[in-house]
Amino acid sequence: MKKKYTIIFIPPDHSNTHQFQFSKQTRRVLGSGVLLIGVMMAGLFAHNLYLNQYIKESQPTIDHIDQLNSALVERDQEITHLNEMSDQITNDLKSIKDLEEKLTSILKINPTSSPANLSRGIDSADQSFMSPNQTIQTLDQQAPIVAEHLNRLERYYEIAILQKDRLDHTPTIIPAEGEITSYHGYRGNPFGGKSTEFHSGIDIACNYGSPVLATADGVVTDVGRDPVYGLRVDLDHGNGIVTFYGHNSRILVKTGDQVKKTDLIANSGNSGRSTGSHLHYGTIVNGKNIDPLTFTSFIKEDPPNV
């Protein structure tokens, strides 16, 4: 028993007691365990003190890292915005170039400068000295300008298309090559005598079988033989404008055909009431016969003596 130790637990109500016996060796083991636990607790406490001090000393660095992360996120957003603005400007410039090419084609003009130079954005040499914020501000300022230029060109293009369509449907050319031998209005009777008659168009002297062209886009509304104008073709150009071509030797279109300006529609001849091979060309606007030269850039000369 000298080499053993006893621990007795006595309850307050004096009920059965409990005792535990352990040897000196067990005591040493328990003591060593308690000492080890104490050392570990002391180590953990010291480690916590060290960590607290380290965190306290490192807090400025941590705050700086947080600021850098925030700055990186903001910079990523700026780069995304820059890319979006750059893509938008690039797309707008491409649309501007396409519209300018269409406009120059419609208006038949030669561009004086390259469309790509209309708005070059930021010069690369200048951009290298700009901060991201300055670059964004510059793009933000230029993007609306490019967009407004694009919107303006789109409006011009719509107007040009409308005007081109109207021009295409307006009889602005002479339908055959040759000298105008008789103008619109009253004239002496070409078949002799001293009487006068109203001439409903112009007469163009041309060889038998010469090409007769449509003077504007339109629809063939009538093809047939007329007692006065012989083989006659009528075209409806819309907007109340109708043209007709008489004294032909051959008709090359039929009723309902869609024709374009300068399309070949007939060959000139001497059919009907005619004194020789020529083309009679007339114009009717809203049911009223008018001078065909009203629409053309042809300079009217004094009519020949008849």
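See the structure printed just above.
Residues numbered from 1 in each chain as written. Predicted model: local features only at pLDDT ≥ 70, side-chain atom pairs only at ≥ 80, totals over all residues. Heavy atoms only, no water.

## Structural notes on the overall build of the protein
Short version of the rule: Where helices and strands are cited, they refer to DSSP runs of H or I of at least four residues and of E of at least two residues respectively, numbered from the N terminus. For each residue, the accessible area found with a 1.4 Å probe, counting protein chains only, is set against the maximum for its type, and the residue is called buried under 20%, exposed over 50%, and partly exposed in between. Throughout, a contact is declared for two residues whenever any of their heavy atoms are within 4.5 Å. Computed with a 1.4 Å probe, the accessible areas rest on the Shrake-Rupley method; for each residue, only the protein chains presented here act as cover.
In terms of regular secondary structure, the protein is built from 3 helices and 14 strands. When each of the 306 residues of the protein is scored for burial, the buried share is 29%. Of the contacts formed within the protein by residues at least 6 apart in sequence, a portion of 61% connects residues at least 24 apart. A total accessible area of about 20300 Å² is found for the protein, and carbon and sulfur atoms account for 55% of it.

## A look at the pairing of strand E6 (residues 201–205)
For clarity, the cut-off: Here, any two strands with at least 2 DSSP bridges between them count as paired.
Counting buried positions along E6 gives 4 out of 5 residues, so the element sits mostly inside the fold. As paired elements, strand E3 (residues 179–182) and E6 share 3 bridges and run antiparallel to each other. In the sheet register, Ser182 faces E6, and the bridge partner there is Asp203. Two strands pair when backbone bridges link them, and E6 and strand E13 (residues 278–285) are joined in this way by 5 bridges, in the antiparallel orientation. When the bridges of E13 are listed, Ile202 appears paired with Tyr281.

## A look at the nonpolar core
Across soluble globular proteins, nonpolar side chains show a tendency to be buried alongside one another. Defined as follows: In plain words, nonpolar cores are sets of buried Ala, Val, Leu, Ile, Met, Phe, Trp, Tyr and Cys residues tied together by side-chain atoms within 4.5 Å.
If you look at the biggest cluster of nonpolar residues, it comprises 19 residues, and the most contacted ones within it are Val233, Leu235, Tyr245, Val259, Ile265 and Leu279. Taken together, the elements giving at least two residues each to this core come down to E6, strand E9 (230–238), strand E12 (264–268) and E13. Other than its neighbours up to four places away in sequence, Val233 contacts Val220, Asp222, Val223, Thr243, Phe244, Tyr245, Asn248, Ile251, Val253 and Ile265.

## Some words on unusual backbone geometry
For residues besides glycine, phi is generally negative; the peptide bonds are generally trans as well. Located in the positive-phi region is Thr262, a residue other than glycine, with phi close to 80 degrees. Owing to a relative accessible area of 46%, Thr262 belongs among the partly exposed residues under this scheme. One non-glycine residue, Asn286, lies in the positive phi region at around 50 degrees. Structurally, the position occupied by Asn286 is in the loop between E13 and strand E14 (288–290). Look at Asn286 and you get exposed, because its relative accessible area is 63%.

## Notes on the environment of Asn267
Along the chain, the position of Asn267 falls in strand E12. Asn267 gets classed as buried once you look at its relative accessible area, which sits at 9%. Taking the C-alpha atoms as reference points, Asn267 and Asn248, 19 residues apart in sequence, are found 5.7 Å from one another. Once residues lying within four places of it in the same chain are set aside, the contact partners of Asn267 are Gly209, Ser210, Pro211, Val212, Asn248, Ser249, Arg250 and Leu252.

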